[in-house]
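Below, each chain spelled out in residue letters.
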Amino acid sequence: MTEYNIAVIGGDGTGPEVIREAKKVLRAAEKHGISFNFTDLPYDGTRYIETGETLSDSEIEGLKNYDAMLLGAIGHPDIKPGILERDILLKMRFDLDQYINLRPVKLYPNVDTPLAYTTPDNIDYVVIRENTGGLYTGKGSCENKGAADEITTQVMEYSRKQVERCVRYAFETVRKRHSINTPWKGLSAEENEKGFIGKVTLCGKTNVLTYVFDLWQRVMDEVATEYPDIVNDYVHVDAVCIYMVESPARFDVIVTGNMFGDIITDLAAVTQGGMGVAGSGNINPEGVSMFEPIGGTAPAFTGLNQINPIAAISAAHMMLSHLGENKVAGIIEEAKISVIKKMDSMLAAKMGYSTTEIGDMVADLV
Ligand code: IPM
Ligand code: MG
């Protein structure tokens, strides 16, 4: 029996509530020949208020000893925006070199989407968001603060290495999703004829960000030559927003930089029924990875047992696939889909069940 050591950071707001349900589902999965040793860690806003601590370098070192991490949400209404994000969440992503932010976008049957004319089989793609560079490095400047001639900068920085490992991961993701016998269904007849199996779309802004996205485009073209069975596509980020709403079926795997990836995945989450559905993985393929719901702390719902735990449960099954436990991950995914079919809505307080009941129902089916 394989035992996994999992670092659990419930975090702030509704984070601990949804993580409690994700853990419940993982415990239920222990009957399938795996087991979990959960360690709850207090790296959150409450500890910051009490002690002034965020996340130290030695705590980062400690995190490297786990097989994976599960995180609820970080953010506190009494703390100025930016502190916890930079010193806890982004510090984990950066210092643990979790360079891929994997965000699957899938509309499940029976889930309401604001896209009136779409159907579940039209929305099934993955966004690969670069997670350690771009505008998120915090590099920048502010001169003459407060004066009329104040000037600020925020630097979008990318190294070729960062871009290349991310783009390569996107092509490899197509290989994981499809094969020559089961190609992606969005390919044209001509592409099928030529033996393509899927598509990577680079989401950039080559018409304005002429240094950074020129690098991305060149790397994309180079890496694509190693994957002759995968269509290499490019769409500007503004047009990606149009297509996500108008014709999401044109996407298979989207690869993009950190900031665009942040923005388009909120849009994507809404098309799949809301933040309550969307899980994500912060992945270091060679190190420790962290799995979290995309949604935030939802302060208005804290403690009400009304928030949707499905995204946290999705994060848990993404964690299992990442650990190579594909069979158990599949069982959780199926259980989750059955429960989603019974729910009235994916929105907090409108689900027809409490947070706890949804966790119980998924756990019972696992
Ligand atoms: C996300 C969040 C974070 C981000 C915030 C909380 C810093 O929006 O995970 O998408 O911008 O990456
Ligand atoms: Mg975001």
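Bear in mind the structure is a predicted one, so any value in this text is a computation, not a measurement. (Residues numbered from 1 in each chain as written. Chains lettered and ligands numbered in written order. Predicted model: local features only at pLDDT ≥ 70, side-chain atom pairs only at ≥ 80, totals over all residues.)

Undergrad: How would you sum up the pairing of strand β12 (residues 290-293)? Please name residues and give values.
TA: Every second residue of β12 is oriented toward a common face, with Met 290 and Glu 292 on one face and Phe 291 and Pro 293 on the other, all of them buried. Pairing analysis gives two bridges linking strand β3 (residues 68-73) to β12, with the strands arranged parallel. Counterpart to Leu 70 in the pairing with β12 is Phe 291. Here four bridges tie strand β11 (residues 279-283) to β12, and the two strands are oriented antiparallel to one another. Bridge pairing links Gly 281 to Phe 291 in β12. Between β11 and the antiparallel strand that follows it, β12, lie six residues. (Buried ≥ 20, exposed ≤ 12 C-beta atoms within 10 Å, placed from the backbone. Helix = DSSP H or I, 4+ residues; strand = E, 2+ residues; numbered from the N terminus. Pairing = 2+ DSSP bridges.)

Undergrad: Please give an account of the nonpolar core that cites residues and values.
TA: Core analysis: the biggest nonpolar cluster contains 103 residues, and Ala 22, Val 25, Met 69, Leu 70, Ile 128 and Ala 316 have the highest contact counts within it. If one sorts the elements of this core by residue count, helix α10 (residues 310-322) sits on top with nine residues. Structurally, this core is a two-domain feature, drawing no fewer than three residues from each of domain 1 (1-107 + 290-366) and domain 2 (114-271). Once residues lying within four places of it in the same chain are set aside, the contact partners of Ile 128 are Ile 100, Leu 102, Cys 166, Tyr 169, Ala 170, Thr 173, Val 253, Ile 254 and Val 255. (Core = buried A, V, L, I, M, F, W, Y, C linked by C-beta atoms within 7 Å. Domains from an automatic or database assignment. Contact = placed C-beta atoms within 7 Å.)

Any link to function would need more than the numbers given here.
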